[in-house]
Amino acid sequence: MRRPVIVGNWKMFKLISEAVQLVLDLKPQVVNSYHAEIVVAPPFTALKTVNDRLEGSNIKTAGQNLCDQLGQGAFTGEISGAMLKDLGCSYVIVGHSERRQYYQETDEVVNKKTRAALNAGLTPIVCVGERLAERENDQMEIVVGRQVRDGLSGLTPEELSLILIAYEPVLAIGTGRTATPEIAAKMHKFIRGLIAENWGNQLSENIRILYGGSVKPDNISVLMAESDIDGALVGGASLDATNFAQIVNYK
Ligand code: 13P
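Residues numbered from 1 in each chain as written. Predicted model: local features only at pLDDT ≥ 70, side-chain atom pairs only at ≥ 80, totals over all residues. Heavy atoms only, no water.

(A) The overall build of the protein chain, seen in detail. Of regular secondary structure, the protein chain possesses 12 helices and 8 strands. The C-alpha atoms of the protein chain give a radius of gyration of 17 Å, which matches the 18 Å a tight globule of 251 residues would have. Each of the three principal axes of the protein chain carries a C-alpha extent, and together these read 45 × 45 × 35 Å. Of all 251 residues assigned to the protein chain, the portion counted as buried reaches 53%. Considering only intrachain contacts with a sequence separation of at least 6, the fraction spanning at least 24 residues in the protein chain is 73%. About 11,500 Å² of surface is accessible on the protein chain, with carbon and sulfur atoms providing 50% of the total. Averaging the positions of the 25 positive and the 29 negative side-chain charges in the protein chain gives two centres separated by 2 Å. (Helix = DSSP H or I, 4+ residues; strand = E, 2+ residues; numbered from the N terminus. Rg over C-alpha atoms; globule rule 2.2 N^0.38 Å. Buried < 20%, exposed > 50% of the residue type's maximum accessible area, 1.4 Å probe, protein only. Contact = heavy atoms within 4.5 Å. Areas by Shrake-Rupley, 256 points an atom, 1.4 Å probe, with all protein chains shown as cover. Lys, Arg positive; Asp, Glu negative; His and termini not counted. Charge placed at Lys NZ, Arg CZ, Asp CG, Glu CD.)

(B) Geometry of the sheet that holds strand β6 (residues 164-167). Pairing is parallel in the closed barrel, where 8 strands are placed in the order β1-β2-β3-β4-β5-β6-β7-β8. Averaged over neighbouring strand pairs, the angle between their axes works out to 25° when direction is ignored. (Pairing = 2+ DSSP bridges. Axes fitted to C-alpha atoms, helices over the stretch in contact; angles between N-to-C directions.)

(C) Region of the structure containing the packing of helix α1 (residues 16-29) against helix α12 (residues 241-248). The geometry of α1 relative to α12 is characterised by a closest axis approach of 9 Å and an angle of 35° between their N-to-C directions. Considering how the two elements wind past one another, α1 and α12 form a crossing that is right-handed. For the pair α1 and α12, the contacting residues are Leu22, Asp25, Leu26 and Gln29 in the first and Ala241, Thr242, Phe244 and Ala245 in the second. A class-by-class count of the residues in the contact of α1 with α12 yields 5 nonpolar, 2 polar and 1 charged. (Left-handed = near helix turned anticlockwise from the far one by under 90°. Nonpolar A, V, L, I, M, F, W, Y, C, P; charged D, E, K, R; others polar.)

(D) Broad picture of the pattern of salt bridges. All chains considered together, the criterion is met by 12 salt bridges. Close ionic contact of Asp52 with Lys48 constitutes a salt bridge, the shortest N to O distance being 2.8 Å. With a gap of 4 residues between them, Asp52 and Lys48 both fall in helix α2 (residues 44-54), about one helical turn apart. By relative accessible area, Asp52 is classed as partly exposed at 42%. Since its relative accessible area comes to 43%, Lys48 is described here as partly exposed. (Salt bridge = Lys/Arg side-chain N within 4 Å of Asp/Glu carboxyl O.)

(E) Main features of the packing of α1 against α2. At their nearest, the axes of α1 and α2 sit 9 Å apart, and the two run at 30° to each other. Overall, the two elements α1 and α2 adopt an arrangement that is roughly parallel. The two elements α1 and α2 meet at a crossing, and its hand is right-handed. Facing Ile16, Ala19, Val20, Val23, Leu24 and Lys27 of α1, the residues of α2 in contact are Thr45, Ala46, Thr49, Val50, Arg53 and Leu54. Looking at the contact of α1 with α2, its residues break down into 8 nonpolar, 2 polar and 2 charged. (Parallel < 35°, antiparallel > 145°, perpendicular 65-115°, else oblique.)

(F) The site of the ligand, seen in detail. Taken together, Asn9, Lys11, His96, Glu168, Ala172, Ile173, Gly174, Gly213, Ser214, Leu233, Gly235 and Gly236 make up the full set of residues near the ligand. Within the side chain of His96, one N or O atom sits 2.8 Å away from an oxygen atom of the ligand. Taking Gly174, its main chain carries an N or O atom lying 2.6 Å from an oxygen atom of the ligand. Contact with the protein chains covers 96% of the free accessible surface of the ligand, which is 310 Å². For the shell around the ligand, the residue count by class is 3 nonpolar, 7 polar and 2 charged. (Near = heavy atom within 4 Å. Polar contact = N/O pair within 3.5 Å; in protein donor to acceptor, adjacent residues only side chain to side chain.)

(G) View of unusual backbone geometry. The phi angle at Lys14 is positive, at roughly 85°, despite the residue not being glycine. For Lys14, the location among the structural elements is in the loop between β1 (5-9) and α1. Overall, Lys14 belongs to the partly exposed group, its relative accessible area being 24%. Of note, the phi angle at Ser214 is positive, near 55°, even though the residue is not glycine.

Pasting the structure below:
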């Protein structure tokens, strides 16, 4: 049985005071929600304060990005996995489509960041997903296949068992256009098949694959009803405590 994971990716939103207000509003609304892992990914600047406010609660935190280098060193402006861990994070988002698109992150970088996250004891949430033009040209399996194979290349079965994958078709991000549950489920099944081919059936059965892209309180239940969808990576709707709590409490 795969335990669902609901992650709120706050992207570049929320000053510290706003972040605190959001988690203070969220906490009581999910206090009894143990059916799912609940994760929020504030901006780096708010992580420490948010983690302090969440201590002892059932809400965990994620970084939105990390440096691809192991250990420490002269990498001005970068944040290491160990630093995220030190702030109290348990997860980190890796290879989000916005990082691939605006900051030229390649599958090779995604691979290095995934390893850096594992090395620091963080759970990487590795994002994959085709762009609109790639879907229109029916390239989604080629693109996502490459992202999964190259992004996760060389991971041992033990390492693979520790990661989460998030499938986010770019056409659905921030547009209000969710992929239909059937389209999402088909891609999740495809990804699970790739994991089976490369790492075996047992790992493919156990790995959790989240869906992201315009997830809202009114579409989460139909998405979660698909057997291959194990959770959600929520952007816009996670910026409002009530909306995000409704998504967490989709049952
Ligand atoms: P939206 O939920 O705003 O479409 O964003 C999805 C996303 O990119 C989450 O990482």
